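Coordinate inspection notes
Okay, here's what each chain looks like letter by letter:
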Amino acid sequence: MKIAVIGGGSTYAPELIDGLIRNAEKIDLKEVVLMDIDAERLKVVGTFCERMVAHAGRKFELKCTLDRTDAIKGSDFIVTQIRVGKQIGRHKDIKLGLRHGLVGQETTGVGGMAKALRTIPVMREIADDAKRLAPDAWFINFTNPSGLITESLHKMGVKKIVGLCNIPIGIIMDLALHLQCDPDRIKIDFVGLNHLGWVRKVYMNGQDITEKIIESLADRKGPANIPELEYDPRFTKALGFIPSPYLRYFYATETMVRNLQSKTKTRAEEVMEIEDALLKIYSDPTQVTKPAELEQRGGAFYSKIAVDLIDSIWNDKREEHIVNVPNQGAVWGIEDDQTVEIPAIIGRDKIEVKPVGHVEPKIFGLMAQVKAYETLTVEAGMEGSYDKALMALAANPLCPTELARVVLDDMIETHGLKLS
Ligand code: G6P
């Protein structure tokens, strides 16, 4: 098996390499190619990954390249984890939102939209390369906003595509910690979009314990990382579902904007500092395993979900994973080619979404509205359409329609976007 990692110079790459080392035999791994456009970064990250692979007994070959076609050619899996505009672009996205009094987070609100519009044209180039050079490869997309970018890849004609996010597994891990049990004993009924999902049911050993969990969340004694602790208890009980942490931006928008405004550094600036420190560690020739400091980045379990998914596909395990995939009729009221984040059965050459059907009105309104925003953004990015981008922003619940035009013009100027 050959895996190409596009954006292989990411400081996350050692996390993925660690998971691949642990599971190399299971997935017949022969070759991993880290590809990046940043030569300096690739050298540091790639050399460190090479040391990790050698230290672990060289179970597969690791190559680094600046040539995307070289990386993609003949791959079985293409992992996309790019950040167009780098952290400085993310910083500008956050500031763009804040100067209009809005959320500029990298995946939600106007920040997510700016990032998507920068990313979609690059994704098209990657998709075109893959069609020519690795037509049977599976795409595993981590590039944020993950669901939206996955939808764009699907609409560019990539047939084998899965978008991944660590939020569903993060919730399972939090619940397991809270209930002091093995995560394998927890099952969740999850529905929504990427960074806009809800756990509708929690099962432990097959028993429905949702009510108990909601009660403990309302009493502020629930799993520590689940954000109901910040909501009004009556709201938590009325909702009756566990919302993804990113729903804070929708359920507590003003508080979140105030929080972002009060911070002396943006998350992008914090991450730049974390990355500088990580790159120093990676440069140390005696460092041969993944450092603990990597955990300061938010991507916990990123490697686990990627490797488990690859294993399920490669070995036709037909396991259930919560993934971003085209809806294919699973959720009523969402088009077949719009992506959703739901459980699916993952096998060798097939993804079968589990039927969801009707989604409760208390969450479906927001889900459908954000989906409309995402799809319009995909179309705007693929067509370079100003009008579609304007309608996308107007549909985004985190941007008042009245501000859409001025924010879009600011976004275009800030990032030199090409929309007409
Ligand atoms: C979480 C999110 C990801 C995000 C990651 C890193 O895992 O689900 O979408 O990329 O955190 O966030 P950070 O702020 O550390 O870059």
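Look up a bit, the structure's there.
Our subject in this report is the structure included herewith. Counting from 1, residues in each chain are numbered in the order their sequence is written. Per-residue local features are limited, in this predicted model, to residues with pLDDT of at least 70; the limit for side-chain atom pairs, both in listing and counting, is 80 or more; totals at the level of whole chains, interfaces and linings are taken over all residues. Processing note: side-chain calculations cover all non-hydrogen atoms of the structure and skip hydrogens and water entirely.

**Details of the overall build of the protein**
Basically, it comes down to this: Here a helix means four or more residues in a row that DSSP labels H or I, a strand means two or more in a row labelled E, and each is numbered from the N terminus. Two things to know: the radius of gyration comes from C-alpha atoms, and the globule rule equals 2.2 Å times the number of residues to the power 0.38. Type-normalised accessible area, obtained with a 1.4 Å probe on protein chains alone, sets the label of each residue: buried when under 20%, exposed when over 50%, and partly exposed for intermediate values. What makes two residues a contact is simply this: any of their non-hydrogen atoms within 4.5 Å. Positive: Lys, Arg. Negative: Asp, Glu. His and the chain ends are not part of the count. Lysine's charge is taken at NZ, arginine's at CZ, aspartate's at CG and glutamate's at CD.
Within the protein, the regular secondary structure consists of 16 helices and 13 strands. The C-alpha radius of gyration of the protein comes to 21 Å, within 12% of the 22 Å expected for a compact globule of 420 residues. In terms of overall dimensions, the protein has C-alpha extents of about 55 × 55 × 45 Å along its principal axes. Buried residues in the protein amount to 59% of all 420 residues. Taking contacts inside the protein between residues at least 6 apart in sequence as the whole, the part at least 24 apart equals 69%. Counting 54 positive and 60 negative side-chain charges, the protein places the averaged centre of each group 1 Å from the other.

**As for the site of the ligand**
Our working definition: The cutoff for a nearby residue is simple: one of its non-hydrogen atoms must lie within 4 Å of the molecule or strand. Residues adjacent in sequence count toward polar contacts only when both atoms are side-chain atoms; beyond that, a polar contact is any pair of N or O atoms within 3.5 Å, and within protein one must be able to donate a hydrogen and the other to accept it. Per-residue and other accessible areas follow the Shrake-Rupley method at a 1.4 Å probe size, with only the shown protein chains counted as cover for residues. For this scheme, ten residues count as nonpolar: Ala, Val, Leu, Ile, Met, Phe, Trp, Tyr, Cys and Pro. Four count as charged, namely Asp, Glu, Lys and Arg, and the remainder, Gly too, count as polar.
Around the ligand lies a shell of 14 residues, among which Asn 144, Asn 166, Arg 267, Arg 297 and Gly 298 are the nearest. A distance of 3.0 Å is found between an oxygen atom of the ligand and a side-chain nitrogen or oxygen belonging to His 195. A total of 390 Å² of accessible area belongs to the ligand in isolation, and the protein chains cover 88% of it. Considered class by class, the residues forming the shell around the ligand number five nonpolar, five polar and four charged.

**A closer look at helix H6 (residues 146-155)**
An α-helix turns once per 3.6 residues; consequently, residues spaced three or four apart project the same way. A large share of H6 lies buried, amounting to eight of its 10 residues. Those residues of H6 that fall on the buried side of the exposure criterion are Ser 146, Gly 147, Leu 148, Ile 149, Thr 150, Glu 151, Ser 152 and Leu 153. Along its buried surface, H6 packs onto helix H5 (109-133), strand E5 (138-141), strand E6 (161-163), strand E11 (319-326), strand E12 (339-346) and helix H14 (361-383). Downstream of H6 by one or two residues, Gly 157 has phi in the positive range, about 95°.

**A few points about helix H2 (residues 39-55)**
Convention followed: What a helix is expected to span follows from its residue count: subtract one and scale by 1.5 Å.
With 17 residues, H2 extends 24 Å between its outermost C-alpha atoms, agreeing within 8% with the 24 Å of an ideal straight helix rising 1.5 Å per residue. All of the buried residues along H2 are Leu 42, Val 45, Gly 46, Phe 48, Cys 49, Arg 51, Met 52 and Val 53. Structurally, the start of H2 carries an N-cap: the backbone nitrogen of Glu 40 is 3.2 Å from a side-chain oxygen of Asp 38. Remark: Gly 57 follows H2 within two positions and exhibits a positive phi of approximately 95°.

**Observations concerning the environment of Gly 298**
Tracing the backbone through its elements, the reader meets Gly 298 in the loop between helix H12 (267-283) and helix H13 (302-314). Separated by 131 residues in sequence, Gly 298 and Ile 167 have C-alpha atoms that sit 10 Å apart. In this view, Gly 298 contacts Tyr 12, Asn 166 and Arg 267; residues no more than four positions away in its chain are not counted.

**As for the pairing of strand E1 (residues 2-6)**
Threshold: At least two DSSP bridges between two strands are needed for those strands to be called paired. If you view a crossover with the strands going away from you and the path from the first strand over the helix to the second runs clockwise, you call it right-handed.
Of all five residues in E1, five are buried, a share of seventy percent or more. A two-sided burial pattern is seen for E1, the buried positions comprising Lys 2, Ala 4 and Ile 6 on one face and Ile 3 and Val 5 on the other. By the bridge criterion, five bridges tie E1 to strand E2 (residues 31-35) in an arrangement that is parallel. Note that in E2 the partner of Lys 2 across the bridge is Glu 31. Regarding the hand of the β-α-β motif, the stretch spanning E1, helix H1 (residues 13-23) and E2 is right-handed.

**Points about the packing of helix H4 (residues 86-99) against helix H16 (residues 404-415)**
The description of two packed helices rests on the angle between their axes and on the distance between the axes. Rules: Here an axis means a line fitted to C-alpha atoms, over the contact stretch when the element is a helix, while the angle between two N-to-C directions is reported on a 0 to 180 degree scale. If an angle is under 35 degrees, it is roughly parallel; if it is over 145, roughly antiparallel; if it lies from 65 to 115, roughly perpendicular; otherwise it is oblique. When the near helix sits turned anticlockwise from the far one by under a right angle, the crossing is termed left-handed; a clockwise turn instead gives a right-handed crossing.
In the contact formed by H4 and H16, the axes pass within 11 Å of each other and the chain directions differ by 155°. As summarised for this structure, H4 and H16 are arranged roughly antiparallel, according to the angle between their axes. Considering only the axes of H4 and H16, their crossing is right-handed. Seen from H4, the contacting residues are Gly 89, Lys 92, Asp 93, Leu 96 and Arg 99; seen from H16, they are Val 407, Asp 410, Met 411, Thr 414 and His 415. Partitioned by chemical class, the residues of the contact of H4 with H16 number three nonpolar, three polar and four charged.

**Quick word on the pairing of strand E7 (residues 186-193)**
Within E7, six of the eight residues are buried, which leaves the element mostly enclosed by the surrounding structure. Of the strand pairs in this sheet, E7 and strand E8 (residues 196-204) are connected by eight bridges, and their pairing is antiparallel. Across the sheet, residue Gly 192 finds its bridge partner in E8, namely Gly 197. Linking two consecutive strands that pair antiparallel, namely E7 and E8, is a turn of two residues; a positive phi of about 60° is found at His 195 within it.

**Points about unusual backbone geometry**
In this structure, the amide linkage connecting Asn 144 to the following residue, Pro 145, adopts the cis form with an omega of -10°. Turning to its location among the elements, Pro 145 is positioned in the loop between E5 and H6. If you check the backbone angles, Arg 58 has positive phi at about 45° while not being a glycine. With phi around 50°, Asn 205 is a residue other than glycine that occupies positive phi space. The topology assignment puts Asn 205 in the loop between E8 and strand E9 (207-208). Given the relative accessible area of 48%, Asn 205 is considered partly exposed.

**Details of the nonpolar core**
Put simply, the test is: Take the buried Ala, Val, Leu, Ile, Met, Phe, Trp, Tyr and Cys residues and link them wherever side-chain atoms come within 4.5 Å; each set so joined is a nonpolar core.
Of all hydrophobic cores here, the largest spans 126 residues; its most connected members are Ile 17, Leu 20, Leu 408 and Met 411. The element that contributes the greatest number of residues to this core is H5, accounting for 11 residues. Ignoring sequence-local partners within four residues, the contact set of Leu 408 consists of Met 113, Tyr 386, Ala 389, Leu 390, Leu 393 and Leu 419. Counting 20 residues, the second largest nonpolar core, distinct from the first, contains Ala 176, Leu 179, Ile 188 and Ile 322.

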